[in-house]
Amino acid sequence: MNIGEIARRAGVSRSTVSYALSGKRPVSDETRRKIQDVIDELGYRPNASARALANGRTSTIGLVFPPAGNHYTGMQLDFIGSVVEAAAAHDYDVLLSPSGVDSDRSFQRLLGERRVDGAILMEIRLEDDRADHLAALDFPAVAIGRTAHPESGWWVGLDHTALAAACVHHLADLGHRRVAFVNRPEQLLRAGYESAHRGLDGFTKAAAERGLTVRTYCCGDDAASGQACLEQILHDDPATTALVTLNEAALGGLYRGLSQAGRHVPRDFSVTGVVAGRWAETVTPQLTAADVPAEEMGRRAVDLLIERLDHPGAPPRHHLLAPPISLRASTGPAGGTPSA
């Protein structure tokens, strides 16, 4: 079934059907009803290419999201799901591109072939050539994360600096004096991933403010790396009584390493960090953490992108989120009994 057949059955020209579908030119109510009756009778659905040609929109959002290492972590999958769900509410589809740099072929195809109306960028680096390229093209885009100079961009961010600092202050208030920091993988830190850098900055400054003795570690995004990292922490300083982590993928391994070392959580060792709520609740005891609001961030990013598409001249807008620490069961007084 095509536009020509609809036009023949409705007794109108092909161009009139096209105008009625795209809304580019006015069509009388009577004619529009005749066309709609035929469409309903035939169950016609215009294909995506034809629809994009007619109205200049693909009704598709690009999600530019490189996986961490060889796979997407649980938190990354939460973000993907949140964007897909929010886009569907606006009647948009989502095309996933695993591009981490501007030169990736997938990223170039996304732009060169105009497969999408706009893009959401993930895993933002402080100096991000993807964001620079899109800004130079004036291509509608929203970042989940912030570059080093976010003032002129559209983005939704998590205040990793403030959240890591809040975790430090929570542990210091409980009397912990020797604390470790478990970050994302070293290659991500070297590449300038903003969450890893800003989290490290917040941890380091808060620890200095409270006079704590600290060590910082990079850790792979998997349980085995988490266990190896925990073993290294206790080897380097057996007197360590707590840690802060940004790495939810390593969380199970960190707990396993503590268990094998005979350290009970939270009686002997406290664990906290910046982790999505549903992942914090999968470990035992449940993790006291600043919960990453993945669903809210994905929804806000999609809403901003739709706003930018509908209002091309609008000034840049952004949201910086800093959720409170959710007190669960993984932290307690240093050398004392678990807190209530």
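Values in this document were obtained by computation on a predicted structure and should not be read as measured data.

**Student:** What should I look at first to understand the overall build of the protein chain in this one?
**Tutor:** Looking only at helices and strands, one finds 14 helices and 12 strands in the protein chain. Expressed along its principal axes, the backbone C-alpha trace of the protein chain runs to roughly 85 × 40 × 30 Å. Across the 340 residues that make up the protein chain, the buried fraction comes to 49%. For the protein chain, contacts bridging at least 24 residues in sequence account for 71% of all contacts bridging at least 6.

**Student:** Explanation requested: the sheet that holds strand S3 (residues 118-121) in the structure shown.
**Tutor:** Paired through backbone hydrogen bonds, the strands of a sheet run either parallel or antiparallel to each other. One open sheet holds the six strands; their spatial order is S2-S1-S3-S4-S5-S11, and the pairing between them is parallel. Lying at the two open borders of the sheet, with one neighbouring strand each, are strand S2 (93-97) and strand S11 (318-321). Ignoring which end each strand starts from, the neighbouring axes of this sheet average 15 degrees apart. Relative to S11, strand S5 (residues 155-158) runs parallel, the two sharing four bridges.

**Student:** What exactly am I supposed to notice about the packing of aromatic side chains here?
**Tutor:** Two descriptors summarise a pair of aromatic rings, namely the distance from one centre to the other and the angle between the planes of the rings. Under the definition given, this model contains two aromatic pairs. Pairing Phe 65 with Tyr 72 gives two aromatic rings, centres 5.6 Å apart and planes at 70 degrees, and the pair type is edge-to-face. Using a relative accessible area of 0% as the deciding quantity, one classes Phe 65 as buried.

**Student:** How do you make sense of the nonpolar core when you look at a structure like this?
**Tutor:** Soluble globular proteins tend to pack their nonpolar side chains together in the buried interior. Core analysis: the biggest nonpolar cluster contains 46 residues, and Ile 61, Phe 79, Ile 120, Ile 144, Val 274, Val 292 and Met 297 have the highest contact counts within it. Among the elements that make up this core, the one with the highest residue count is helix H14 (residues 294-310) (eight residues). In terms of domain composition, this core takes at least three residues from each of domain 2 (60-158 + 294-321) and domain 3 (160-292).

**Student:** Teacher, can you tell me more about the pairing of strand S4 (residues 141-144) here?
**Tutor:** Taken residue by residue, a regular strand's side chains alternate between the two faces of the sheet. Burial along S4 is two-sided: Ala 141 and Ala 143 and Val 142 and Ile 144, pointing in opposite directions, are all buried. Both S3 and S4 contribute to a ladder of three bridges, which runs parallel. Note that in S4 the partner of Ala 119 across the bridge is Ala 141. Regarding topology, helix H7 (residues 129-137) serves as the crossover connection from S3 to the parallel S4, and that connection is right-handed. Pairing analysis gives two bridges linking S4 to S5, with the strands arranged parallel. In the sheet register, Ile 144 faces S5, and the bridge partner there is Val 156.

**Student:** Would you take a moment to explain the domain arrangement of the protein chain for this structure?
**Tutor:** How big an interface is tends to be reported as the loss of accessible area on association of its parts. The domain architecture assigned to the protein chain consists of domain 1 (3-42), domain 2 (60-158 + 294-321) and domain 3 (160-292). A C-alpha centroid distance of 36 Å is found between domain 1 and domain 2.

**Student:** Help me out: how do you make sense of the sheet that holds strand S10 (residues 288-292) in this one?
**Tutor:** Taken together, six strands build an open sheet; the order of strands is S7-S6-S8-S9-S10-S12 and the sheet is mixed. The open sheet has two edge strands, strand S7 (213-218) and strand S12 (325-326), and neither has a second partner. In the sheet, strand S9 (residues 270-276) pairs with S10 via five bridges, with the strands oriented parallel. What sits directly across from Ala 276, in S10, is Val 292. On the sheet, helix H8 (residues 160-173) packs against strand S6 (178-183), strand S8 (242-245), S9, S10 and S12 and is oriented at approximately 160 degrees with respect to S9.

**Student:** What am I meant to see in the environment of Asp 236 here?
**Tutor:** Inspection of the secondary structure puts Asp 236 in helix H11 (residues 223-236). For Asp 236 and Ala 334, which are 98 residues apart along the polypeptide, the C-alpha to C-alpha distance reads 19 Å. Beyond its immediate sequence surroundings of up to four residues, Asp 236 is in contact with Arg 215 and Tyr 217. At 2.8 Å, the side chain of Asp 236 forms a polar contact with the side chain of Tyr 217. A distance of 3.4 Å separates the side chain of Asp 236 from the side chain of His 235, its partner in a polar contact.

Calculation criteria
Residue indices begin from 1 for each chain and proceed along its sequence in written order. Confidence filtering applies because this is a predicted model: local features only for residues at pLDDT of at least 70, side-chain atom pairs given and counted only at 80 or more, and all residues used for totals across whole chains, interfaces and linings. With hydrogens and water stripped out, all remaining heavy atoms of the structure feed into the side-chain values. Under the DSSP-based scheme used, a helix requires at least four consecutive residues in state H or I and a strand at least two consecutive residues in state E, with every element numbered from the N terminus. Per-residue accessibility, obtained with a 1.4 Å probe over protein chains only, is compared with the maximum for each type, and a residue is labelled buried under 20%, exposed over 50%, and partly exposed between these values. Residues count as neighbours in contact if any of their non-hydrogen atoms are within 4.5 Å of one another. A pair of strands is treated as paired once DSSP finds two or more bridges between them. Here the axes come from fitting lines to C-alpha atoms, over the contacting stretch only for helices, and the angles between their N-to-C directions go from 0 to 180 degrees. Ring pairs shown here join Phe, Tyr and Trp side chains whose ring centres sit within 6.5 Å, with only the six-membered ring taken for Trp; geometry is labelled stacked below 30 degrees between planes, edge-to-face above 60, and tilted in between. For this analysis, a nonpolar core means a set of buried residues of the types Ala, Val, Leu, Ile, Met, Phe, Trp, Tyr and Cys, connected via side-chain atoms within 4.5 Å. All domain edges in this entry derive from an automatic or database-based domain assignment. If the strands point away from the viewer and the path from the first strand over the helix to the second runs clockwise, then the crossover is right-handed. Counting of polar contacts relies on pairs of N or O atoms within 3.5 Å, with two restrictions inside protein: one atom must be capable of donating a hydrogen and the other of accepting it, and residues adjacent in sequence are counted only when both atoms are side-chain atoms.

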